[in-house]
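A closer look at the structure
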Amino acid sequence: MANNQRYAQVIVDVPTMQVNHPFDYIIPSQWANFVTPGMRVQVPFGVREVLGFVVEVSDESNIDRELKSISAVLDDEPVLTSEMLQLGKELATQLFTFQILCFQTMIPNLLKVDYTKVFVPLPTISWEHQQQFFSSQKEVSWDAANQNQQLATLMQLKSAGEVAVEYRLKDKKKIKKAYWIQPLLDYEELQEVESQLRPQATKQQDLVAVLMDLDGENISAKQLKASFNLSMQTIRSGERKGWLTVFEKEEKRDPYADLVTETVEPKTLFPEQQQAFNRILPDIHTHRHEVFLLQGVTGSGKTEVYLQLIQAARDLDKTALLLVPEIGLTPQMVNQLKGRFGNDVAVLHSQLTAGERFDEWRKLKHGEAHIAVGARSSIFAPLDNLGIIIIDEEHETTYKQNNAPRYHAREVAKWRGNYHQCPVVLGSATPSLETRARAQNGVYERLTLTKRTNHHELPDVQIVDMREEFKHKNYYQFSRKLRDAITETLARHEQVALMLNRRGYANYIQCMDCGHVFQCPNCDVSLTRHNEDKTLKCHYCGHTEALPQFCPECRGHHLQSFGTGTEKVEQEIMELFPEANVVRMDNDTTRRKGSHQKILNKVANHEADILLGTQMIAKGLDFPNITLVGIINADTSLYLPNFRASEQTFQLITQMSGRAGRGDLPGQVFVQTFNPEHYALQFAKAHDYEKFYAYEMRYRKLNHYSPYVFTIRLTVSHFDEKTGLRTAFKIRRLLQEADVPQTRILGPSQSAIARINNQYYFQVLYHYRNRHAIQPILETIKNKAQEWDRDHIHVMMDVEPMSFM
DNA sequence: AGCACGCCGACT
DNA sequence: GTCGGCGTGCTC
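The notes below deal with the structure included here. Note that the coordinates shown come from a computational prediction; the quantities given were computed from them, not determined experimentally.

Geometrically, the link from A404 to P405 is a cis peptide bond, its omega value of 0 degrees lying close to zero. As for its position among the elements, P405 is in the loop between β16 (386-391) and α14 (409-420). Residue P707 is reached from S706 by a cis peptide bond, and omega for that bond is 5 degrees. Structurally, P707 can be placed in the loop between α22 (689-702) and β30 (710-718). Positive phi, normally seen in glycine, also occurs at F96, with a value near 55 degrees. Summarising the element assignment, F96 is placed in the loop between α1 (82-95) and α2 (99-106). On the basis of relative accessibility, which here comes to 6%, the residue F96 falls in the buried class.

Surveying the vicinity of DNA strand B reveals the residues V14, P15, T16, V47, R48, K117, K158, Y167 and D789. Here a base nitrogen of DNA strand B and a side-chain polar atom of R48 are 3.0 Å apart. Between DNA strand B and Y167, the relevant distance is 3.3 Å, taken from a phosphate oxygen to a side-chain nitrogen or oxygen of the residue.

What follows concerns the pairing of strand β31 (residues 743-756). Bridge count for β31 against strand β32 (residues 759-768) is eight bridges, and the pairing is antiparallel. Paired with L746 across the bridge in β32 is L765. Here β31 folds back onto β32, and the loop between the two strands holds two residues, one of which, N757, carries a positive phi near 55 degrees.

Moving on, we come to a positive patch on the surface. Together, K722, R726, K730, R733 and K784 give the surface a local cluster of positive charge. Among the elements that make up the positive patch, the one with the highest residue count is helix α23 (residues 721-738) (four residues). Along the chain, K722 turns up in helix α23.

Turning our attention to the packing of helix α11 (residues 302-315) against helix α12 (residues 331-341). In the contact formed by α11 and α12, the axes pass within 11 Å of each other and the chain directions differ by 35 degrees. Pair α11 / α12 crosses with right-handed handedness. Across the interface between the two elements, T303, E304, Y306, L307, Q308, I310 and Q311 of α11 pack against M333, Q336, L337, R340 and F341 of α12. Of the residues in the contact of α11 with α12, the class split is six nonpolar, four polar and two charged.

Per the stated rule, a full pass over the model turns up 20 aromatic pairs. Ring geometry for F683 and F692: centres 6.5 Å apart, planes at 70 degrees, overall edge-to-face. A ring pair is formed by Y699 and Y705, whose centres lie 6.0 Å apart and whose planes are at 45 degrees; its orientation type is tilted. What makes Y699 partly exposed here is its relative accessible area of 30%. These aromatic residues form a ring-pair network of at least three members: F650, Y679, F683, Y689, F692, Y693 and Y695.

The rules behind each value
- Residues numbered from 1 in each chain as written.
- Chains lettered and ligands numbered in written order.
- Predicted model: local features only at pLDDT ≥ 70, side-chain atom pairs only at ≥ 80, totals over all residues.
- Heavy atoms only, no water.
- Helix = DSSP H or I, 4+ residues; strand = E, 2+ residues; numbered from the N terminus.
- Buried < 20%, exposed > 50% of the residue type's maximum accessible area, 1.4 Å probe, protein only.
- Near = heavy atom within 4 Å.
- Polar contact = N/O pair within 3.5 Å; in protein donor to acceptor, adjacent residues only side chain to side chain.
- Pairing = 2+ DSSP bridges.
- Patch = residues over 30% accessible without salt bridge, like charges linked within 9 Å, V, L, I, M, F, W, Y side chains within 5 Å.
- Areas by Shrake-Rupley, 256 points an atom, 1.4 Å probe, with all protein chains shown as cover.
- Salt bridge = Lys/Arg side-chain N within 4 Å of Asp/Glu carboxyl O.
- Lys, Arg positive; Asp, Glu negative; His and termini not counted.
- Charge placed at Lys NZ, Arg CZ, Asp CG, Glu CD.
- Axes fitted to C-alpha atoms, helices over the stretch in contact; angles between N-to-C directions.
- Left-handed = near helix turned anticlockwise from the far one by under 90°.
- Contact = heavy atoms within 4.5 Å.
- Nonpolar A, V, L, I, M, F, W, Y, C, P; charged D, E, K, R; others polar.
- Phe/Tyr/Trp six-rings, centres within 6.5 Å; stacked < 30°, edge-to-face > 60°.

Function-wise, these values are silent; they only describe arrangement.
This is the structure:
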């Protein structure tokens with residue numbers, strides 16, 4: 001073999017255990033010096049063609065067989081850096097998933113490919129068949145053949161050797177192009193042209209006038225059309241007459257082009273902020289990786305610290321990465337960043353279109369922007385030379401992805417911080433117990449902000465015992481105290497935010513004659529009543545049916561609704577406070593793009609007096625005129641089947657309380673509950689995170705939960721209940737036989753919702769202390785799972801799960 | 001994941 | 001005798 005032959009090691013786009021390793025390919029000589037690690041390539045794999053990521057190139061191959069060649073190179077530059085290649089490999093191991101899934105997660109969706117199959121004629125094809133299938137086209141797509149009932153015939157022709165199947169993959173990547181105009185004539189020439197135009201040719205006169213104005217500068221056709229009311233036709237005719245040329249120019253979509261921000265100068269830091277800043281700053285200068293917990297009460301000015309740290313990194317020409325829970329909900333954060341750093345900021349979040357996301361990503365990749373801000377997946381932002389990574393609201397569960405690869409952005413942040421040797425800042429008013437405990441042990445350094453920058457007290461939190469309301473025959477969702485408070489607040493022309501953790505109108509409906517409860521046919525849950533569109537909906541699989549008029553079992557007409565959702569509370573508000581304007585914000589009212597902003601604008605402009613919503617309203621809202629916050633039912637999050645239920649309830653109440661009294665007006669908070677004595681509520685009332693932390697840690701220690709032990713959740717699902725359970729027991733036995741010291745096996749147990757979409761779910765929890773000790777047995781199980789998969793038995797492995805549903 | 005290869009039941 | 005069912009194993 002020629003000794004100048006180059007080889008590529010490629011991870012192929014086939015998410016399965018057996019091929020979760022690099023495959024060797026010959027790099028055709030014309031690309032030998034061009035193909036580099038991180039590029040996407042098309043490679044033959046078996047009989048088909050698939051996408052692959054080059055992870056390495058070399059001068060030799062250890063494969064003892066004839067190698068195939070790369071069929072196409074899809075990129076002119078790597079889409080993944082060597083950092084990402086390394087990270088992807090490690091993540092796959094740690095999370096028990098496939099490298100290809102990790103790589104796919106790191107790049108924008110537009111860089112994924114579509115697969116198609118086509119039939120093409122071979123020279124041997126008969127004249128009749130050529131006419132029948134290929135007279136008007138060079139090829140027939142598989143899908144079209146399938147729809148036209150031609151598939152069987154074409155497959156026969158394939159075996160007869162008359163046609164072949166070709167595998168194609170199509171890049172979804174689309175670079176947006178725009179038309180631009182370049183004037184060709186100078187001022188005198190234009191004057192000449194103008195004098196010879198017919199008086200009726202008004203559009204052309206306009207065009208010439210604009211060209212004179214431009215003084216030789218280029219202008220985009222879009223601007224020309226918009227500002228001077230000229231059509232493309234006029235422009236084209238100008239081109240024909242030789243006044244100008246039209247050319248295409250690559251354009252990056254800018255989703256925030258219309259955003260008007262005032263330039264905001266850095267604020268003077270308060271002593272506590274300055275102290276925290278001073279502690280972190282040297283690490284940026286000296287390339288030191290350290291993790292900081294910035295624990296600051298709501299309103300203590302964490303954001304200003306972030307902004308100045310980012311500035312410090314930029315001053316050293318380093319880049320910065322800021323993660324926020326869900327950016328669509330925190331326009332304030334984007335405004336502040338754009339206000340301070342302008343176009344140096346790229347924003348990445350789920351509400352952007354695929355094209356917009358791709359372009360924001362490219363700005364970072366090409367160094368046109370150096371600051372990335374975004375939700376979870378932005379932790380993979382293509383930034384080099386990172387100077388600082390900040391995770392705001394680090395306790396948020398949205399940082400954990402709940403489908404494969406089930407990574408936690410906080411852990412990825414630490415990995416990248418170590419890679420770049422830069423500080424990582426975890427900010428929160430209510431840190432996760434894991435983070436707070438690590439700060440206790442000295443693994444992280446804890447910095448505290450105890451004072452609010454507006455010097456106001458934290459709002460007064462009252463806990464209302466709803467059992468008393470029941471005793472006094474008050475069957476409304478509003479306690480008398482909360483009702484009075486709302487009345488008074490509205491009278492003062494201030495605003496109210498109410499949170500209820502369940503959408504829809506009623507939780508379930510039951511026939512009062514025979515007791516029948518309307519349930520989802522696919523899942524083991526009751527259907528939720530939605531009055532708005534007069535339906536019953538399953539919130540798990542999406543099943544929808546019309547609101548029934550009578551009971552299907554006994555034909556009875558006495559159907560009663562139980563439980564409360566946002567729709568019902570909205571109705572009660574209209575009944576109790578008829579003069580108030582209500583806006584509702586939940587999954588049902590925010591589904592359309594931009595509807596978030598619309599609702600929030602209504603609140604900001606005081607077109608709404610009461611904002612009612614699910615927990616999505618707890619995050620990041622900053623409306624100075626909201627002085628009253630009500631949590632309608634704090635219990636819904638308290639008794640979830642999750643050992644973090646108390647922690648999450650405490651965080652939610654604290655966060656929601658923080659929405660009250662952001663401005664100069666004092667705030668008050670009402671928490672309605674049937675468990676007024678619960679410690680999570682009591683500590684939230686007292687605004688005492690530290691006491692809650694100490695108390696909760698004792699509970700976790702006693703019950704052997706995180707952060708004292710680590711957890712892996714193994715979930716088995718199958719359409720047959722018995723098979724699912726049997727497999728779950730097999731997993732238990734495998735874990736038992738491995739007999740790793742300092743581990744504990746819980747289950748199998750039925751998942752909180754036993755059946756979703758006709759699949760039965762069982763889970764085994766594996767608690768452990770030593771990560772390396774458990775790796776082999778879990779690898780074994782992963783391989784077994786591959787075999788079980790053939791029988792449609794699915795096994796999910798979730799490292800440090802946040803949800804147990 | 002796909003796809004081919006290969007070994008057993010009901011049909012021209 | 002063959003067509004086609006889907007169990008098994010492989011893909012550089």
